[in-house]
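Report on the structure
This is what each chain is made of:
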Amino acid sequence: MTTPAPEADGPVADPGAAAARATAGILHDTLHGTARGVVVDSPPGAGKSTLVVTAARELAAAGRRLMIVAQTNAQVDDLVLRLADKDPELPVGRLHSSDGDAYDKALLDLPAVTLSAKAADLAPLPVVISTAAKWAHTQVDGAWEHAIVDEAYQMRSDALLAVAGLFERALFVGDPGQLDPFSVVGAEQWAGLSHDPSASAVATLLAHNPDLPQHRLPVSWRLPASAAPLVSAAFYPYTPFRSGTGPADRRLSYAAASDGSGPDRVLDEAAEAGWGLLELPARHAPRTDPEAVRAVALVVRRALDRGAVAVSEQSPDPVPLTAARIAVGTAHRDQAAAVRAALAGLGVTGVTVDTANRLQGREYDLTVVLHPLSGRPDATAFHLETGRLCVLASRHRHACIVVARAGIPDLLDEHPSTDPVQLGAAVKFPDGWEANHAVLAHLSEHRVPWRP
Amino acid sequence: MSLLTTLARLEAVRAGRARPLATVRHRHLTDRPLVFVPLTTAGEAGAPLGALVGTDRDAPRLLVVPQPRDRDLRWTFLADLAEEVLPYIDAYADHVEPAERTETDPVTGKKAKVATELCLDAPQIVVPSPAGIEYVRLLGRSMRFRRTAEEDPDAPYPAPARVPLLGRWFTHLAERSRMPGSALLLSATGLLSRHWATGQSSLEDQHLGALLAWIAPDPKTGGTGAEQALRAELARDAQGLLLVPPAGPATDPAFDNKLLAPAMARFDAARAADPADPAARSAAEDAVRALVASQLRPTWDAVWRSLDLVRELPPGAHTEQRWTGDRWSYTGHRDRVRAGEPPQPRRDDAVTAARKLGRRETEQVRLDAQEALDDPLVMAARRFAGEAFAGEITEVVMEWTDSKRPSPRPLLAVATEDGPQFDGPAKVYRSLDGRAQTAEHVRTEEDGTVVLRLLDKMGRGREPEPGTVPEKGDQVCWTLFEHEPRSGPRLPEPEDTPWTHGGPPAAGPEATDPVTDEDML
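Residues numbered from 1 in each chain as written. Chains lettered and ligands numbered in written order. Predicted model: local features only at pLDDT ≥ 70, side-chain atom pairs only at ≥ 80, totals over all residues. Heavy atoms only, no water.

What follows covers the overall build of chain A. In terms of regular secondary structure, chain A is built from 16 helices and 19 strands. Radius of gyration (C-alpha) of chain A: 22 Å, near the 22 Å computed for a compact globule of 452 residues. Along the first, second and third principal axes, the C-alpha atoms of chain A reach 65 × 55 × 50 Å. The buried share of chain A, taken over its 452 residues, is 54%. Considering only contacts in chain A between residues 6 or more positions apart, those separated by 24 or more positions represent 76%. Approximately 18400 Å² of chain A is accessible, and the part contributed by carbon and sulfur atoms is 54%. Taking the average place of the 39 positive charges on the side chains of chain A and the average place of its 52 negative ones, the gap between the two points comes to 4 Å. (Helix = DSSP H or I, 4+ residues; strand = E, 2+ residues; numbered from the N terminus. Rg over C-alpha atoms; globule rule 2.2 N^0.38 Å. Buried < 20%, exposed > 50% of the residue type's maximum accessible area, 1.4 Å probe, protein only. Contact = heavy atoms within 4.5 Å. Areas by Shrake-Rupley, 256 points an atom, 1.4 Å probe, with all protein chains shown as cover. Lys, Arg positive; Asp, Glu negative; His and termini not counted. Charge placed at Lys NZ, Arg CZ, Asp CG, Glu CD.)

This part is about the side chain of Arg74(B). All names here are of chain B. In this fold, Arg 74 is placed in helix H2 (residues 71–90). Here Arg 74 falls in the buried class, since its relative accessible area comes to 14%. If sequence neighbours within four positions are ignored, Arg 74 has contacts with Glu 44, Gly 46, Ala 47, Pro 48, Val 65 and Pro 68.

A separate point is the packing of aromatic side chains. Scanning the model with the defined rule gives seven aromatic pairs over all chains in all. Between Trp135(A) and Trp144(A), the aromatic rings sit 5.1 Å apart at their centres with planes inclined by 75 degrees, giving edge-to-face as the arrangement. The exposure classification of Trp135(A) matches that of Trp144(A), with both residues buried. Of note, Lys105(A) hangs over the ring of Tyr103(A), and the distance from its end group to the ring centre comes to 4.7 Å. Across the ring face of Phe481(B), the terminal group of Arg382(B) is positioned such that the distance to the ring centre comes to 3.9 Å. (Phe/Tyr/Trp six-rings, centres within 6.5 Å; stacked < 30°, edge-to-face > 60°. Lys NZ or Arg CZ within 6 Å of the ring centre and 35° of its normal.)

Taken together, the 37 residues of chain A in the interface contact 29 residues of chain B. Note on chain A versus chain B: buried area summed over both sides is about 2800 Å², and carbon and sulfur give 59% of it. Looking only at chain A, the three residues that lose the most surface to chain B are Leu161(A), Gln189(A) and Trp190(A), adding up to 23% of its buried area. Our count for the chain A to chain B interface comes out at one salt bridge. We note a salt bridge from Glu361(B) to Arg156(A), for which the minimum N-O separation is 2.7 Å. At the junction of chain A with chain B, the criterion picks out twelve residue pairs in polar contact (both at pLDDT 80 or more). Mapped onto the side of chain A that touches chain B, the elements with two or more residues apiece are helix H6 (157–163), strand S7 (167–174), helix H7 (201–208) and helix H11 (333–345) of chain A. In terms of residue count, the dominant contributor to the side of chain A that touches chain B is H6(A) (five residues). When its residues are assigned to classes, the side of chain A that touches chain B shows 16 nonpolar, 13 polar and eight charged. (Buried area = accessible area lost by both parts, 1.4 Å probe. Salt bridge = Lys/Arg side-chain N within 4 Å of Asp/Glu carboxyl O. Polar contact = N/O pair within 3.5 Å; in protein donor to acceptor, adjacent residues only side chain to side chain. Nonpolar A, V, L, I, M, F, W, Y, C, P; charged D, E, K, R; others polar.)

Further remarks concern a nonpolar patch on the surface. A cluster of nonpolar side chains, Phe182(A), Val184(A) and Val365(B), forms an exposed patch at the surface whose accessible area comes to about 290 Å². Relative to the helices and strands, Val184(A) is located in the loop between S7 and H7. (Patch = residues over 30% accessible without salt bridge, like charges linked within 9 Å, V, L, I, M, F, W, Y side chains within 5 Å.)

Our focus in this paragraph is the pattern of salt bridges. Inspection of every chain in the model, using the stated rule, returns 62 salt bridges over all chains. The partner of Asp365(A) in a salt bridge is Arg325(A), with the nearest N and O atoms 3.2 Å apart. Placement of Asp365(A) in strand S17 (residues 364–370) and of Arg325(A) in the loop between strand S14 (315–320) and strand S15 (326–330) is noted, with a sequence separation of 40 residues between them. A salt bridge links Asp70(B) to Arg271(B), with the nearest nitrogen and oxygen atoms 2.7 Å apart. Separated by 201 residues along the polypeptide, Asp70(B) in the loop between strand S4 (61–64) and H2 and Arg271(B) in helix H8 (residues 253–272) bring together distant segments of the chain.

Moving on: the confidence of the model for chain B. Looking at chain B, the pLDDT average stands at 90 and 97% of residues meet or exceed 70. Here the predicted complex scores 0.89 on pTM and 0.87 on ipTM. (pLDDT = per-residue confidence, 0-100.)

Right, let's get into the confidence of the model for chain A. In this model, chain A carries a mean pLDDT of 89, and residues with pLDDT of at least 70 account for 97%. Segment residues 1–10 of chain A is flagged for pLDDT under 50; beyond a separation of four residues in sequence, or across chains, it makes 13 contacts in the model.

The next subject is unusual backbone geometry. Residue and element names in this part refer to chain B. A cis amide bond links Asp 274 with the next residue in sequence, Pro 275, at an omega value of 5 degrees. Checked against the element boundaries, Pro 275 lands in the loop between H8 and helix H9 (278–311). Of note, Arg 162 is a non-glycine position whose phi angle comes to about 75 degrees, a positive value. Its place among the elements puts Arg 162 in the loop between helix H3 (130–144) and helix H4 (163–176).

Residues and elements named next belong to chain A. The tally for this structure, following the rule as stated, stands at zero disulfides over all chains. Its sulfur unpaired, Cys 390 is 11 Å from the next cysteine sulfur, which belongs to Cys 400. According to the relative accessible area criterion, Cys 390 is buried, its value standing at 0%. (Disulfide = S-S within 2.5 Å.)

What follows concerns the domain arrangement of chain B. Taken as a whole, chain B is organised into domain 1 (19–342) and domain 2 (376–479). Averaged C-alpha coordinates put domain 1 of chain B and domain 2 of chain B at centres separated by 46 Å. (Domains from an automatic or database assignment.)

Residue and element names in this part refer to chain A. With antiparallel pairing, the three strands of this open sheet are ordered in space as S11-S13-S14. Edge positions in the open sheet fall to strand S11 (251–254) and S14, since each of these has one partner strand only. Averaged over all pairs of adjacent strands, the angle between strand axes in this sheet comes to 20 degrees, irrespective of strand direction. Both strand S13 (residues 308–312) and S14 contribute to a ladder of three bridges, which runs antiparallel. Residue pairing in the sheet places Val 309 in a bridge with Pro 320 of S14. (Pairing = 2+ DSSP bridges. Axes fitted to C-alpha atoms, helices over the stretch in contact; angles between N-to-C directions.)

Turning our attention to the environment of Phe422(B). All names here are of chain B. Within the element layout of this structure, Phe 422 appears in the loop between strand S11 (411–416) and strand S12 (427–432). Note: C-alpha distance between Phe 422 and Glu 387 (35 residues apart in sequence) is 8.6 Å. Setting aside residues no more than four positions away along its own chain, Phe 422 makes contact with Phe 389, Val 428, His 441, Thr 444, Val 450 and Leu 480.

Below, the structure is given as structure tokens:
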């Protein structure tokens, strides 16, 4: 386990001061720098959205016409709400698709927010926000002076190509450790080209503009002290970050004592250590492994039944852990559907159950993860993808419980990564195989064998 | 792999014989395909050893390079190949029908219909395996930048006439074959494995002989398909040679070492003999030709047998529409060649690459939708995955919009045993006389009944046009996926490539391939 490296300008003891210094540097380059682009790498929960809102307000205050590009409608609506929360007076345009229900109805109540499906209606406003897909179909006279591209590592290069003509300069913000963009058809013929259309927008941007200033946010405010070192070492080996909170700042406890069952013991382990591995007997199973799905549902049910309460730096009093603060993460949509059905069968409602792709950017107190490799006979590139495991292992503020069948280390050893090496293509570190081993090695210290 | 494909593969293992994956043929087959079975030389990329090519299964043309390291012999081979293939490709160029194409006016940016012509049919080349398609691409790349003596009188090693042109066509066909659902250049194993599941791995499915044994085992040989497939893959004779030669383009190393290398050495010796002995040289060349033919002929027959098998299936309803796309592709390249445009560049620029990727993604989604609509077995896999559901209409309640001119928005209750996976507000589609009719998912009842609200294709009046609203008791299949996907983002012109992607690419045609030492070995 590596210790977080100090910032380049010398160590800063206080995480708040370190984060503030990074943010100041980013804003300076964005507002006063000469480069056309600024890239910010943000580990999970490092205040990326806060940075986007701050930068947007500063740019607007400086009189620069600003467009913001996010990847999904949910992200766009979330940004609009955050902007309006920080600055209710700032006129913001929400460009939406012509399908009437493409935006959150909560936006209708915001007086400074204008909604339209036509960019020309919104162009005079200081800030206009939309998805990359909508911007790609936008034609206006005169480019925006500045753009903020959010979740830029999840944006594909060809999507950036479609919108880059709309702005002069841009701030690119994203998390390099999350899921890479993908394509439903093969794109090997362009692998290694600097403008490979299936690569991430940032990869293309930096390949053509290697001198752009690059920053990173050094502190994760979401991940607890128990999680940041592991996530940093396993997924961000060359750009370490640390937790904004200390070991004593977050605490999870239960009103009811353990009944000695597997789910209860893993909940206790997770409350104590921040991690828990509930291990089912080794077995090849279908993707919607009924036993594993039931184990996931039982863990969630017991967490609610036992009256879990969370203590954190956000509030002096213990806060009850409600269903809304729990998420279940899976690799596949049919697994998510199976878990939802199992939860409904146990009478649990209100818990978020989704795939890694859809959990990106979201935050919960407790997460229960069905391990992507659990019960599989093989380890494909999809299941080994670094970003998938990283998303699943970095959504929590307090604890993360992984449910898996035994034997995953052996499975990994039988399937070393064999992706062909392409000339000119940047090799991504760490590879999924390595990251999976690192996470499993850590989880094995918090292993609880299944006992109903 | 869908659950149904897994099941079909398991059943194939148990039965020792392939199981169908489709009830219709999902690729267009022309009446007169050109079959091309190439072999390559071990140890040198893109050095052809020989080929069988032609449109008559009983009379293929055999082309052999008796000494693949001899560049002159290689050029002769490529010139002969061009002589065989180009007339076939050109045969479709002049039979046209009037058509319309949408073009964007460069000045106003407005889209307008332009009268143009579309070739009535197009060439179709079939190779044994995906490696064969890759080989076509490689041959195309090696030929298209060459210059003939006519194009460049100073070229020290001019290419025979028509060879660069063949390179451009091969490049076009190989590039088109990456378009999902296209049929200008097909592989026999690709065709077969789209329509049948075997009990072997998909890697083994690329062995044409083994794949055919699973699908249509030879009753004379005896044994199950699985046993015959194993034999096709592995069985060797007393000399250690494979009984069923590989479908290429790579040859069996045992054949290379034991038979081919000595025969080539004899050919070299006969050529070098002093004084020259034309009879001996000719005999040595014939010996190499006979050897190469012995490796090619079984594959040639296997490709034609594959075509027979696939042809037995009735064509899917949408294959004709996709073939029209292929005809456009062929016509477009014909026009570029006729206009004297330079050969396709070595690498795509940023905009071209993004356009290709976007088009292929759209086409993949369209293909998946069309195959499901054409084939109940494919639709069953989508229903299993929760992406479609079929059932009986149990109730229809007429409702209307609240506007001045109310439009019908009937509510439908669909009883289904499928488990469609709705998350959030979702739209569903059904095929109504070939067009997609949209409904929105309102709710799912406790008993699994799905309640939908029909949204369009009911005409302009207050009352829906007859036949546009399903009636109680109708069986309807709804999909959660769109039937006609939207196209990808609008991209700038290459000369407007933005700074994020390196700015506009360098203008002007690319240089020809430089002559290197390897060209003069």
